[in-house]
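As a plain string of letters, each chain reads:
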Amino acid sequence: MGLNTAPNIPDPDGFYADLLNAHEGLSDDNSIAFNARLILILANHIGDRAVLTEALAAAAKGDTQ
Amino acid sequence: MPLDDRYQLAFKLYPYERSTDQDASAPVRHPVVVVGGGPIGVATALDLGLQGIPVVLLDDHEGVGQGSRAICFAKRTLEIAHRYGCGQPMLDKGVIWNLGKVFHDDRQVYEFNLLPEQGHRYPAFINLQQPYFERFLVDRVREAQAQDAPIDLRGKNRVQAVEVKDDHVVLDITTPDGPYRIEADWLIGCDGASSPLRKMMGLDFEGRVFEDNFLIADITMKADFPTERWFWFEPHFKSGDSALLHKQPDGVWRIDFQLGWDIDRKEELKEENIRRRLDAMLGPDVDYELVWTSIYTFQCRRMKRFRHGRVIFAGDAAHQVSPFGARGANSGIQDVDNLGWKLGLVLNEKAPHSLLDSYDAERRYGADENILNSSRSTDFITPKSKISHVFRNVVLDLAEHHAFARPLVNSGRLSVPCVYDGFPLNTPDALPGGPARTRPGAPCPDAPLGQGFLLDHLGRDFVLLGVGADVQDQLEVDGMTLRGLSVPADADIADRYLGEASGAVYLIRPDQHVAARWPAFDEDLVRAALARAIGKD
């Protein structure tokens, strides 16, 4: 199965609020580090090497706009 | 303090008239006095008056203030107004819209369609200037008065002081003819976000202040914008950090610009500065007239409790939200819907006073849900930190290409009525396979029935609804008459009320919320559920 880009998170507003709350009060550097940790944790959970490659490509695409 | 108007009127609807109370030798006692003649106060007077309960409404002006203000009225509000007999003129005057477009900078990120479900009398939303909404309510009051509804609207009657006793409230009132005093068994505070009544009683009103200013410009123009809701994040025309374009009746367009916190309010309200922002947005070739402009800030907060003995607060006086999602006036009307029948039963001695505590609990829950939703929208629209700004903008970028990011885009989650899950008036769900949307606590969804709609037959009193199941025409319970209604299990009704069940019996509250449901009629269960639904359990 490839990268799922269809909506897949129940309660998206609640998730988004939790995500921002997790950053509340962090310095910029600490926010960057938090994001890095979160990415690595989620990447490990996904575990599928092909999916991770696809995800890296999808994220890179946004950067070129 | 003189009774000078604090704002200009759009419609003078209840000019000052001397009341016989002003010539009485002792203060006259009224069952219910409502303070505040805005939409929530007038709807409260209408709800009670239509039940035959005498109600006096006091307002320090003589009609409806200018300005479009709350322009989005949700389906649930229209359904409630329909029950009061004034939904149709609102629908006739209002602008119906379904399509929303979201832009970031100069790109369309995505569009959404409210795709209203078929088989409802009212659309998901209409846009209507608040003064029209209020006028239709007052028109209905006048019509009801002509049919002997005991409603007394008193303009230029300002409450100066209240004295709250255990079993009544004493009110000192100022009028153009001088002061007088009345008493109320129950006092309903609908006097708005800055509620003088709340202040006189020294009650709390705490919450979160959002450090931002929004400029509203209502304009008329000859331009071919479609009847859609357009929202820009960081618009390329630089007229604000966000912008909103929405159509109203009479060829008027509502435009909102987010200005930020540190602004010179007076400077920003100068016509040339407003025009500068509008010109940048609309382009040089569009001719327009300014109808109304205003700058607003907002807060999300509520009172700790809405009921204080004989004084009950409703609408903005009790809770305030940011405007994103149209949850202000719409939630206030749900307050009225919830309070009206309960106060009616208490005044008619059919239910204990404690039933009013369920108003407090259910509507505080509603207020919290609205505050949560509108705070989240505000946090998305006006990011408070660098990292939340980064997240916001990457969500917008990703939403252009990936469906998964679109549910995260939040330019307002539009008002829907709340489900009173798990509250004491409900009897636990006893309909196996019944749809979740009609579980106890939920507002009844509309559906076609005969030449009209199901909701036409529900509300005002308790109804026992049989769907593909027989119920008695009426049932006497504790001096109350429970009205029976059997309907065929047609397509939409079956879908919304039966689910996998072959038949169902619903006990429906006067505010059209489900109190209980079963697969078949059982008199003992119905009696117990009704007792519970009126706070006698």
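Residues numbered from 1 in each chain as written. Chains lettered and ligands numbered in written order. Predicted model: local features only at pLDDT ≥ 70, side-chain atom pairs only at ≥ 80, totals over all residues.

(A) Local environment of the packing of helix α2 (residues 75-84) of chain B against helix α8 (residues 329-347) of chain B. Residue and element names in this part refer to chain B. Contact geometry for α2 and α8: axes closest at 9 Å, N-to-C directions at 40°. Here α2 is positioned oblique relative to α8, judged by the angle of their axes. Handedness of the α2/α8 crossing: left-handed. Contact residues: Arg-76, Thr-77 and Ile-80 in α2; Asn-330, Ile-333, Gln-334 and Asp-337 in α8. (Axes fitted to C-alpha atoms, helices over the stretch in contact; angles between N-to-C directions. Helix = DSSP H or I, 4+ residues; strand = E, 2+ residues; numbered from the N terminus. Parallel < 35°, antiparallel > 145°, perpendicular 65-115°, else oblique. Left-handed = near helix turned anticlockwise from the far one by under 90°. Contact = placed C-beta atoms within 7 Å.)

(B) Helix α12 (residues 523-533) of chain B, seen in detail. All names here are of chain B. Those residues of α12 that sit buried are Val-526, Ala-529, Leu-530 and Ala-533. Viewed end-on, α12 has its buried residues packed into an arc of 100°, placing them on one side of the element. A positive backbone phi angle near 75° is found at Gly-535, which sits one or two residues after α12. (Buried ≥ 20, exposed ≤ 12 C-beta atoms within 10 Å, placed from the backbone. Arc of directions from axis to C-beta.)

(C) Looking closely at the interface of chain A and chain B. In this assembly, 15 residues from chain A lie in contact with 18 residues from chain B. Among the elements of the structure, α1 (12-23) and α2 (28-46) of chain A are those that each provide at least two residues to the side of chain A that touches chain B. Broken down by class, the residue content of the side of chain A that touches chain B amounts to seven nonpolar, six polar and two charged. (Nonpolar A, V, L, I, M, F, W, Y, C, P; charged D, E, K, R; others polar.)

(D) Here's a closer look at the sheet that holds strand β8 (residues 107-113) of chain B. Residues and elements named next belong to chain B. Strand order in the open sheet formed by eight strands is β8-β7-β15-β16-β17-β14-β18-β21, and the pairing between neighbours is mixed. Edge positions in the sheet fall to β8 and β21 (319-320), since each has one partner strand and no second. Relative to strand β18 (residues 288-302), strand β14 (residues 206-221) runs antiparallel, the two being bridged by 13 bridges. For Phe-210, the partnering residue across the bridge sits in β18 and is Phe-298. (Pairing = 2+ DSSP bridges.)

(E) Examining the sheet that holds strand β24 (residues 463-467) of chain B more closely. Residues and elements named next belong to chain B. In spatial order, the strands read β25-β26-β24-β27-β28; together these five strands make up an open sheet with mixed pairing. Two strands bound the open sheet, and with one partner strand each, they are β25 (474-477) and β28 (514-518). Across the sheet, the mean angle from the axis of one strand to that of its neighbour is 20°, orientation sign disregarded. Sheet topology places strand β27 (residues 504-508) next to β28; four bridges connect them, and they run antiparallel. Note that in β28 the partner of Tyr-506 across the bridge is Arg-517.

(F) Representation of the nonpolar core. All names here are of chain B. Residues Val-32, Val-33, Ala-45, Ile-312 and Ala-314 are the most contacted members of the largest nonpolar core, which totals 75 residues. The element best represented in this core is helix α1 (residues 39-50), accounting for seven residues. When residues no more than four places from it in sequence are discounted, the contact partners of Val-33 are Val-56, Leu-58, Leu-171, Ile-182, Ala-184 and Leu-187. Core analysis: the next-biggest nonpolar cluster, separate from the first, contains 41 residues, Val-471, Leu-498, Ile-508 and Val-526 among them. (Core = buried A, V, L, I, M, F, W, Y, C linked by C-beta atoms within 7 Å.)

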